[in-house]
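Chains, contacts and geometry: an overview
Here's the letter readout for the chains.
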Amino acid sequence: MGNKIPLERVDANRWRIPRHYDKNMHVSGMVYADDELMELILGDNALQQVANVASLPGIVGHSLGMPDIHWGYGFPVGGVAATDAESGVISPGGIGFDINCGVRLLATDLHYEQVKGRVENLADVLFKRIPSGVGGDGMRVLSRDEMQSVMLQGAGWAVAEGYGVPEDLEMTEEQGCLQGALPEAVSQQAWARGRKQLGSLGSGNHFCEIQIVDHIYDQHAADTMGIGRKGQIVATIHCGSRGFGHQVAEDYIKLAESKQKDYGFELPDRQLACLPLQSREGQAYLGAMKCAANFAWANRQLLMDGVRTSFAEIFGRKARARDLPLVYDVCHNIAKMEEYEIDGEMKRVCVHRKGATRAFPPGHPALPEKYQAIGQPVLIPGDMGRYSFMLVGAQGSMEQSFGSCCHGAGRRMSRTAAKKAVGSKELLEMLEKKGVTIRVHSKNLLAEEAPQAYKDAQQVVNVVHNAGLASLVVRLKPIVVVKG
DNA sequence: ATGTCC
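Residues numbered from 1 in each chain as written. Chains lettered and ligands numbered in written order. Predicted model: local features only at pLDDT ≥ 70, side-chain atom pairs only at ≥ 80, totals over all residues. Heavy atoms only, no water.

1. Some details on the side chain of Q232
What counts here: Only runs of H or I of at least four residues qualify as helices and only runs of E of at least two qualify as strands under DSSP, and these elements are numbered from the N terminus. Each polar contact in these results corresponds to two N or O atoms within 3.5 Å; when the atoms are within protein, one needs to be able to donate a hydrogen and the other to accept it, and residues that are neighboring in sequence are counted only if both atoms are side-chain atoms. The contact criterion used is simple: two residues touch if any of their non-hydrogen atoms lie within 4.5 Å.
Counting through the fold element by element, Q232 comes out in strand 9 (residues 232–239). For Q232, the side chain forms a polar contact with the main-chain nitrogen of G228, separated by 3.4 Å. Residues contacting Q232, with those up to four places away along its chain left out, are A107, T108, L110, H111, Q211, I212, V213, G226 and I227.

Below, the structure written as structure tokens:
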């Protein structure tokens, strides 16, 4: 079905889905891929979803698809869409179920030579200290007051509770807190789920990895981030808002679906259900989404503390935050109100990033002082067997993609297809052969995350680099993987 | 992603 879509080649890395393809489209689609990735993308219906998103009321610019794009709920994963702040809509499916799923990376001052004899020990301690698994409870149970504070203050709450240091907040997108969160817009069911889950990894593609700096593309930017030594050990955490954000998403997707007739929206897919940004319901979703985003930042802050404590336990470090500084934290499932130049005038828009990372260029006012000259760190986890990447945002993102780029390798197999194709035993053997030590809560879910189930992250990041959305800084190789 | 079906 995807191959019915007319694709116009723009250049080596970009393809247009012309607006005339479907009368519902208000704008064209723009998809970032080279020839090889486009072959994979044509294998599912993600391009149809890019075209569908172009029919959202008030969409501006292009409906965008990043090179890691694949099929998602209504919107593709790896999609970016901006809607007019006054006359446009917000679509909960355009943010996704795991609100503020995101990634953070910590540097260490350790070299692989200092760690290689303790790898098994490190894996055990991380697995012990980082709660994981489907439905898993977190590091602490929150009172109602504490839960409300987490929703309102995000990572700042966690730092005030002793999980980390104020410098961590400077190195977090939005300082780890979106203003304007509305706890009263969050259902009691979501409150109840959230109160048990703060400080937990969950399952699926979430992980904590210990990685080695494997290749350096940009020494100056790598040095600025404190990850400029080959063989240096870093830690990556990939996690979101757990059952809390999932419940918020579910509640508002249902609400939006029930309101489509009232607002006179006739969208090509009911999963695109949306709410006018300036409506009572639209503002309620935005306020609830911010609660979930803030919860996710507090969650990653607690998980990071677990990583620092693990390193302290093994390597005897006392000043943990100083020895393991946070390099940066980005979210990749979120809607943000931002300003861009569109057709020659500045416009305030709601940028839906679903499986897409903010990638602001050097000099952007939202960046901390430390990164003004190099641009925003952009963390791109690949798969557990091959590699992950650090990039920095480039000027092209402001001109082309509403300050956004890809968020990962992107699936090439569905979860069910991956489970059919890969046995958990052979996968564990393959990882061991590659020198990856793994601790996993549920072995039968692991196959869903097999490297074969993902595109080659190197190909994906090459496309955003060549298209000028972000620039390569370092490549990382996993040595320890902890998963749910 | 997810108390993977209220």
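2. Regarding the environment of I227
This is how the line gets drawn: Throughout this description, buried means an accessible area under 20% of the type-specific maximum (1.4 Å probe, protein chains only), exposed means over 50%, and partly exposed covers the range between.
Positionally, I227 belongs in the loop between helix 9 (219–225) and strand 9. Taking relative accessible area as the criterion, I227 reaches 0% and is therefore assigned buried. On a C-alpha basis, the gap between I227 and V473 in space is 9.5 Å, while along the polypeptide they are 246 residues apart. When residues no more than four places from it in sequence are discounted, the contact partners of I227 are L105, A107, V213, A222, Q232, V234, V327, M390 and V474.

3. Some points on the protein's contact with DNA strand B
Formally: Nearness of a residue to a molecule or strand requires only that one of the residue's heavy atoms be within 4 Å of it.
Surveying the vicinity of DNA strand B reveals 17 residues, the closest of which are V134, R193, N205, R242 and R415. Counted by atom, the contact set of DNA strand B within 4 Å of the protein is 58% sugar and phosphate. Within the side chain of Q189, an N or O atom sits 3.4 Å from a base oxygen of DNA strand B. Within the side chain of H246, an N or O atom sits 3.4 Å from a sugar or linking oxygen of DNA strand B. Counting residues per element, the ones that place at least two in the surface near DNA strand B are helix 8 (188–197) and helix 10 (242–259).

4. A few points about helix 5 (residues 144–153)
Basically, it comes down to this: In this context, the arc is that of the directions from the helix axis out to the C-beta atoms.
Listed in full, the buried residues belonging to helix 5 are M147, V150 and M151. Buried positions in helix 5, seen along its axis, are confined to an arc of 95° and lie on one side of it. Structurally, helix 5 contributes buried residues whose contacts are with helix 6 (155–160), helix 8, helix 10 and helix 11 (280–315).

5. A word on the nonpolar core
Among soluble globular proteins, nonpolar side chains are generally buried collectively. What counts, and what does not: Think of a nonpolar core as a cluster: buried Ala, Val, Leu, Ile, Met, Phe, Trp, Tyr and Cys residues, connected wherever their side-chain atoms sit within 4.5 Å.
Counting residues in hydrophobic clusters, the biggest one holds 62 residues, and the most contacted among them are L391 and F402. By size, the runner-up hydrophobic cluster in this structure holds 50 residues, among which are L110, A222, I227 and V473.

6. Digging into the UniProt feature "active site" (unreviewed entry) in chain A
We count it as follows: UniProt positions are given in the numbering used here, feature names are shortened, and annotations may be inferred rather than shown by experiment.
UniProt feature "active site" (unreviewed entry): in the numbering of this structure it lies at H407. Mapped onto the secondary structure, H407 falls in the loop between strand 17 (404–405) and helix 14 (415–421). The exposure class of H407 is buried, given its relative accessible area of 13%. Discounting chain neighbours no more than four positions away, the residues touching H407 are D68, V77, H332, G355, A356, T357, L379, I380 and P381. Of the polar contacts made by the side chain of H407, one reaches the side chain of D68; its length is 2.5 Å.

7. Some remarks on the packing of aromatic side chains
Spelled out, the test is: Geometry of aromatic contacts follows a simple scheme: Phe, Tyr and Trp rings, the Trp one being its six-membered ring, pair when their centres are within 6.5 Å, and the pair is stacked under 30 degrees between planes, edge-to-face over 60, tilted otherwise. For a Lys NZ or an Arg CZ to count as sitting over a ring, it must be within 6 Å of the ring centre and within 35 degrees of the ring normal.
Taken as a whole and judged by the stated rule, the model has eight aromatic pairs. With 6.0 Å between their ring centres and 80° between their planes, Y328 and Y371 make a pair best called edge-to-face. Of this pair, Y328 sits in strand 11 (residues 326–331) while Y371 sits in the loop between strand 14 (357–358) and strand 15 (377–380); the two residues are 43 residues apart in sequence, bridging distant segments of the chain. For the residue pair Y328 and Y371, the accessibility class agrees, reading buried in each case. One Lys or Arg, R144, reaches over the ring of W191 and ends 4.2 Å from the middle of that ring.

8. So, the state of the cysteines
What counts is decided by this rule: Note on disulfides: each one is a pair of cysteine sulfur atoms within 2.5 Å.
For the structure shown, the criterion picks out zero disulfides. This cysteine, C350, is not joined by any disulfide, and C274 carries the nearest cysteine sulfur, 11 Å off. Its relative accessible area of 0% is what places C350 among the buried residues.

9. Observations concerning the sheet that holds strand 4 (residues 59–70)
Worth spelling out the cut-off: Two strands form a pair only when DSSP identifies at least two bridges running between them. To obtain each axis, a line is fitted to C-alpha atoms, and for helices this fit is confined to the stretch in contact; angles are then taken between N-to-C directions over 0 to 180 degrees.
Taken in spatial order, the seven strands of this open sheet run 1-2-3-4-5-13-12, and their pairing is mixed. Two strands lie at the open edges of the sheet, namely strand 1 (8–11) and strand 12 (333–342), each paired on one side alone. Taken pair by pair, the neighbouring strands of this sheet meet at an average axis angle of 25°, ignoring direction. Sheet analysis places strand 12 next to strand 13 (residues 345–354), joined by 10 bridges and oriented antiparallel. The residue of strand 13 that forms the bridge with K336 is V351. Of the strands in this sheet, strand 2 (14–17), strand 3 (29–32), strand 4 and strand 5 (77–84) are in contact with helix 2 (residues 46–53), which crosses strand 4 at around 165°.

10. So, the UniProt feature "binding site: Mn(2+) 1" (unreviewed entry) in chain A
In the numbering used here, UniProt assigns the feature "binding site: Mn(2+) 1" (unreviewed entry) to D98 and H206. Taken together, the annotated residues stretch across 109 residues yet fold into one region, lying no more than 10.8 Å apart by C-alpha. In this structure, D98 sits in the loop between strand 6 (89–90) and strand 7 (102–111). Exposure remark for D98: the relative accessible area of 17% places this residue in the buried category. Apart from the residues lying within four places of it in its own chain, the contact partners of D98 are H206, G240, S241, R242 and N333. Relative to the helices and strands, H206 resides in the loop between helix 8 and strand 8 (207–216). H206 gets classed as buried once you look at its relative accessible area, which sits at 7%.

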